[in-house]
Amino acid sequence: MAKKDFEWDFEAAGNLMLRSPEISAVCEAEAERMTIATGVEYVPDVYIGRNRVRAGGFQIGGNDE
């Protein structure tokens with residue numbers, strides 16, 4: 001039977017899964033794909049924050065309305 005002495009390292013998991021350059025690249029690719037799908041000119045923007053990667057799209061030359 002398997003031993004159950006597993007302790008989760010939250011900091012390492014966060015660095016590996018939530019803030020890694022690889023995850024950032026995946027998020028950037030998905031943000032770009034989604035902004036192209038809108039039919040409006042958006043620029044994807046990806047930021048690696050303290051807790052996770054954040055991705056979004058911003059309109060090029062947006063109106064200040």
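Residues numbered from 1 in each chain as written. Predicted model: local features only at pLDDT ≥ 70, side-chain atom pairs only at ≥ 80, totals over all residues. Heavy atoms only, no water.

Trainee: Can you walk me through the overall build of the protein in this structure?
Mentor: A tally of regular secondary structure across the protein gives two helices and two strands. Along its sequence from the N terminus, the protein presents helices and strands in the succession α-α-β-β. Relative to the 2.2 N^0.38 estimate, which gives 11 Å for 65 residues, the radius of gyration of the protein is 17 Å and therefore markedly larger than a compact globule would have. Expressed along its principal axes, the backbone C-alpha trace of the protein runs to roughly 60 × 25 × 20 Å. The proportion of buried residues among the 65 residues of the protein is 14%. Counting contacts in the protein only where the partners sit at least 6 residues apart, residues at least 24 apart contribute 33% of the total. Taken as a whole, the protein presents about 5,800 Å² of accessible surface, with 55% of it coming from carbon and sulfur. Positive and negative side-chain charges of the protein, numbering 7 and 12 respectively, have mean locations separated by a distance of 12 Å. (Helix = DSSP H or I, 4+ residues; strand = E, 2+ residues; numbered from the N terminus. Rg over C-alpha atoms; globule rule 2.2 N^0.38 Å. Buried < 20%, exposed > 50% of the residue type's maximum accessible area, 1.4 Å probe, protein only. Contact = heavy atoms within 4.5 Å. Areas by Shrake-Rupley, 256 points an atom, 1.4 Å probe, with all protein chains shown as cover. Lys, Arg positive; Asp, Glu negative; His and termini not counted. Charge placed at Lys NZ, Arg CZ, Asp CG, Glu CD.)

Trainee: Explanation requested: the pattern of salt bridges in the structure shown.
Mentor: Any two side chains of opposite charge can pair, so long as their charged atoms come close to each other. As enumerated under the stated definition, the model contains one salt bridge in all. For the salt bridge of Arg33 with Glu30, the shortest nitrogen-to-oxygen distance reads 2.8 Å. Remark: Glu30 and Arg33 occur in helix 2 (residues 21-37); sequence separation between them is three residues, near one turn of the helix. (Salt bridge = Lys/Arg side-chain N within 4 Å of Asp/Glu carboxyl O.)

Trainee: Whenever I open this one, a nonpolar patch on the surface confuses me. Can you help?
Mentor: Taken together, the side chains of Phe6, Trp8, Phe10, Leu16, Met17 and Leu18 make up a nonpolar region of the molecular surface, amounting to roughly 740 Å² of accessible area. Tracing the backbone through its elements, the reader meets Phe6 in the segment before helix 1 (10-18). The exposed category is assigned to Phe6, whose relative accessible area is 66%. (Patch = residues over 30% accessible without salt bridge, like charges linked within 9 Å, V, L, I, M, F, W, Y side chains within 5 Å.)

Trainee: What should I look at first to understand the side chain of Thr35 in this one?
Mentor: Relative to the elements of secondary structure, Thr35 occurs in helix 2. Here Glu32 takes part through its backbone oxygen, which lies 2.9 Å from a polar atom of the side chain of Thr35. The residues contacting Thr35, other than those within four sequence positions of it, are Val40, Tyr42, Pro44 and Gly57. (Polar contact = N/O pair within 3.5 Å; in protein donor to acceptor, adjacent residues only side chain to side chain.)

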